[in-house]
Amino acid sequence: QVQLVESGGGLVQAGGSLRLSCAASGRTFSSYAMGWFRQAPGKEREFVAAINWSGGITSYADSVKGRFTISRDNAENTVYLQMNSLKLEDTAVYYCAARRSSYYRSTPSEYDYWGQGTQVTVSS
């Protein structure tokens, strides 16, 4: 069992930056692929970014490519999402997810554990 706790969300002006963190419990964190997803009101949960077990391979949604960076620290059982040049359309609840595999996927149903989410609001 893995428990995930996100932090770092908040209110930021367009063009600003935020760094989300996801702290994981459990000894097997380093063997899990991790992902970030988001869900805006009235919309389905969508893929944002993912990272493989070692941190050596990452993937991003086209909408955030070049602006967001996913990383992980296996010694600290933590995955991060650095978000720069934030846009109004980035407003959503952001979720951290863990997959019982070394390799990531971009579909929410492929992930086994989820955090409670953290709100990111971008204002004009």
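Below or above, wherever it landed, is the structure these notes cover. Because the structure is predicted, anything quoted here is derived from the model rather than measured.

### Some thoughts on the pairing of strand β7 (residues 68-73)
And step 1. The alternating pattern of β7 places Phe68, Ile70 and Arg72 on a buried face, while none of Thr69, Ser71 and Asp73, on the opposite face, is buried.
And step 2. The hairpin turn running from β7 into strand β8 (residues 78-83), its antiparallel successor, is 4 residues long, and Asn77 in that turn takes a positive phi close to 55°.

### Describing the environment of Leu4
And step 1. Of note, Leu4 is situated in strand β1 (residues 4-7).
And step 2. With 101 residues separating them in the primary sequence, Leu4 and Arg105 have C-alpha atoms 18 Å apart.
And step 3. In contact with Leu4, not counting residues within four places along its chain, are Cys22, Ala23, Ala24, Met34, Cys96, Ala97, Ala98, Tyr113, Trp114, Gly115 and Gln116.

### Some remarks on the environment of Ser63
And step 1. Residue placement: Ser63 occurs in the loop between β6 (58-60) and β7.
And step 2. A C-alpha to C-alpha distance of 24 Å links Ser63 and Tyr113, two positions 50 residues apart in sequence.

### Description of the sheet that holds β1
And step 1. Sheet architecture is open: 4 strands sit in the order β1-β3-β8-β7, paired in antiparallel fashion. The sheet is open, and its two edges are formed by β1 and β7, each paired on a single side. The sheet shows a mean angle of 15° between the axes of neighbouring strands, direction not considered.
And step 2. Pairing analysis gives 6 bridges linking strand β3 (residues 18-24) to β8, with the strands arranged antiparallel. In the sheet register, Cys22 faces β8, and the bridge partner there is Val79.

So, how was this worked out
Residues numbered from 1 in each chain as written. Predicted model: local features only at pLDDT ≥ 70, side-chain atom pairs only at ≥ 80, totals over all residues. Heavy atoms only, no water. Buried < 20%, exposed > 50% of the residue type's maximum accessible area, 1.4 Å probe, protein only. Helix = DSSP H or I, 4+ residues; strand = E, 2+ residues; numbered from the N terminus. Pairing = 2+ DSSP bridges. Contact = heavy atoms within 4.5 Å. Axes fitted to C-alpha atoms, helices over the stretch in contact; angles between N-to-C directions.

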